[in-house]
Amino acid sequence: MSRLKSLLLGAGCTIALTAASLMAPPPAQAEPTLNLFNWSDYIPESMITEFELQCGCAVNETDYDSNSEMEAKLKAGGDSEFDVVVPSSYYVARLAAEGLIQPLDHSQIPNFKNLYPKFQNPSYDPGDKYSIPYQWGTTGIGYLKANIKNPPHSWGLIFNPNDNTSYPFTMMSGSGQDTIGAACAYLGYGFNCTTESDWLAAAKLIKQTEARKNFSGFVDGTPERDQLKAGLNSVGMVFNGDIAESYADGTGLGINYFLPKQGTEIWVDTMAIPTHAPDPQLALEFINFVLNAYQGAELSNFNDYASPNQASEPQLASNLQGELITPTPADYKLLHFLPPLSGHQLQVFNAIWAAVKQ
Ligand code: N2P
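What counts and what doesn't
- Residues numbered from 1 in each chain as written.
- Predicted model: local features only at pLDDT ≥ 70, side-chain atom pairs only at ≥ 80, totals over all residues.
- Helix = DSSP H or I, 4+ residues; strand = E, 2+ residues; numbered from the N terminus.
- Rg over C-alpha atoms; globule rule 2.2 N^0.38 Å.
- Buried ≥ 20, exposed ≤ 12 C-beta atoms within 10 Å, placed from the backbone.
- Contact = placed C-beta atoms within 7 Å.
- Near = placed C-beta within 6 Å.
- Nonpolar A, V, L, I, M, F, W, Y, C, P; charged D, E, K, R; others polar.
- Domains from an automatic or database assignment.
- Pairing = 2+ DSSP bridges.
- Core = buried A, V, L, I, M, F, W, Y, C linked by C-beta atoms within 7 Å.

A.B. asks: I tried to follow the overall build of the chain on my own but got confused; where do I start?
C.D. replies: Of the regular secondary structure elements, the chain holds 15 helices and 10 strands. For the chain, whose C-alpha radius of gyration is 22 Å, the value lies close to the compact-globule estimate of 21 Å for 358 residues. By its C-alpha atoms, the chain is 75 × 45 × 40 Å across when sized along the principal axes. Across the 358 residues that make up the chain, the buried fraction comes to 43%. Partitioning the contacts of the chain with sequence separation of at least 6, the portion at a separation of at least 24 is 74%.

A.B. asks: What is the right way to read the site of the ligand from this model?
C.D. replies: Lining the immediate surroundings of the ligand are Trp-39, Ser-40, Asp-41, Tyr-42, Ser-88, Gly-221, Thr-222, Phe-239, Asp-242, Trp-267 and Asp-269. Elements with a minimum of two residues in the shell around the ligand: helix 10 (221–229) and strand 9 (264–271). Here the shell around the ligand is built from residues that sort into 4 nonpolar, 4 polar and 3 charged. Built from parts of two domains, the shell around the ligand gets at least three residues from each of domain 1 (3–135 + 268–325) and domain 2 (137–266 + 332–357).

A.B. asks: How should I be thinking about the sheet that holds strand 2 (residues 58–64) in this particular structure?
C.D. replies: The strands that make up a sheet pair up through hydrogen bonds in the backbone, lying either parallel or antiparallel. With parallel pairing, 3 strands are arranged side by side in an open sheet as 2-1-3. Bordering the open sheet on either side are strand 2 and strand 3 (84–85), each of which pairs with just one other strand. Here 7 bridges tie strand 1 (residues 33–39) to strand 2, and the two strands are oriented parallel to one another. The residue bridging Asn-35 from the neighbouring strand is Asn-60, located in strand 2.

A.B. asks: Looking at this model, I keep getting lost on the domain arrangement of the chain. Mind explaining?
C.D. replies: Interfaces are often sized by the accessible area lost when the parts come together. When its domains are assigned, the chain resolves into domain 1 (3–135 + 268–325) and domain 2 (137–266 + 332–357). Between domain 1 and domain 2, the C-alpha centre-to-centre distance is 28 Å. Listed as interface residues are 21 residues of domain 1 and, on the opposing side, 21 residues of domain 2. Counting only elements with at least two residues in the side of domain 1 that touches domain 2, the list comes to helix 4 (67–75) and helix 5 (89–97). A breakdown of the residues in the side of domain 1 that touches domain 2 according to their chemical character gives 9 nonpolar, 8 polar and 4 charged.

A.B. asks: Whenever I open this one, the pairing of strand 4 (residues 132–144) confuses me. Can you help?
C.D. replies: Regular strands place their side chains on alternate faces of the sheet. For strand 4, the tally of buried residues reaches 13 of 13 residues, placing the bulk of the element in the interior. Where strand 4 and strand 8 (residues 255–258) come together, 4 bridges link them in antiparallel fashion. Bridge pairing in strand 8 places Leu-144 opposite Ile-255.

A.B. asks: Sorry, what's going on with the nonpolar core here?
C.D. replies: Across soluble globular proteins, nonpolar side chains show a tendency to be buried alongside one another. Counting 43 residues, the largest nonpolar core has Ile-158, Ala-182, Ala-183 and Ala-202 as its most contacted members. Broken down by element, this core gets its largest block of residues, 6 residues, from helix 8 (residues 177–187). Viewed by domain, this core spans two of them, domain 1 (3–135 + 268–325) and domain 2 (137–266 + 332–357), each represented by three or more residues. Excluding anything up to four places from it in sequence, Ala-183 contacts Phe-159, Ala-202, Leu-205 and Ile-206.

So this is what it looks like as structure tokens:
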């Protein structure tokens, strides 16, 4: 049953039933359902309810915390279980090459025109053939300002033992490209490093970092934000909007966020349809719904992430214009898209990352 229906039929709601309806209950019909596979804490309940009202369907949401978790579930049968999935830009070509997502029928997405022109033909997916932008943002370092005083805006806060001698810290889990990229950047090879020798040097540094007594584990971005909020550790890799959200609701006021001076990630999260999605038509309706001017603003105002939707701009909350969410021209010099990996290169990368995590 949809959340909307259970709300309407739930406790405290008296339903007048006629004798006829009691005697002849209508045959049970399968309710159309949109199975949404999304990052955790990344859509407001209000939007789910609005879409359920619009489509006369139920929305069933399953969450993940990294692209690698999402990819593994798609490979394990999820590509015929979910209707919409939300991969980051550097995963789009990879999922398409693996046959896990399908080309989109743009005739069913008239609101595509609402996107800023630069999001209508991005380099990671020319012509938005497989993916439609959802939100965009950056990955940086979050730290507890009560414990770490005026740290250098450097990956050294994670990789240099002298920058944090005692407070517990984490590194990002997931696909590994963010953490290997961070180590590459610290070593001077650039955040978007792609050679085996750079990756091996980064892996060696990560292994040394894991051996430090105050390393407390590999943690994905949103769970790390929650661990910082709870004071469980003091430094880790997080996403900008997750931190902005924790400022907006007052739960993360003790956290600071910065973009390391050696460079870090900018990403676009996108909506895509798995190859064997149960209801691709409903998936297209949902994608088009998210691209409405109103819903685009509702999404960013709740998530505290930047919007790719130009038509939403007049309705966006003013805090989204601050430099935490809208990078300055100087910030842009530090920001890189992670390279999409495929074939042999991807196998080499995965072998290195698996060794790092052992
Ligand atoms: C949502 C985090 C999604 C951003 N909480 C990572 N691409």
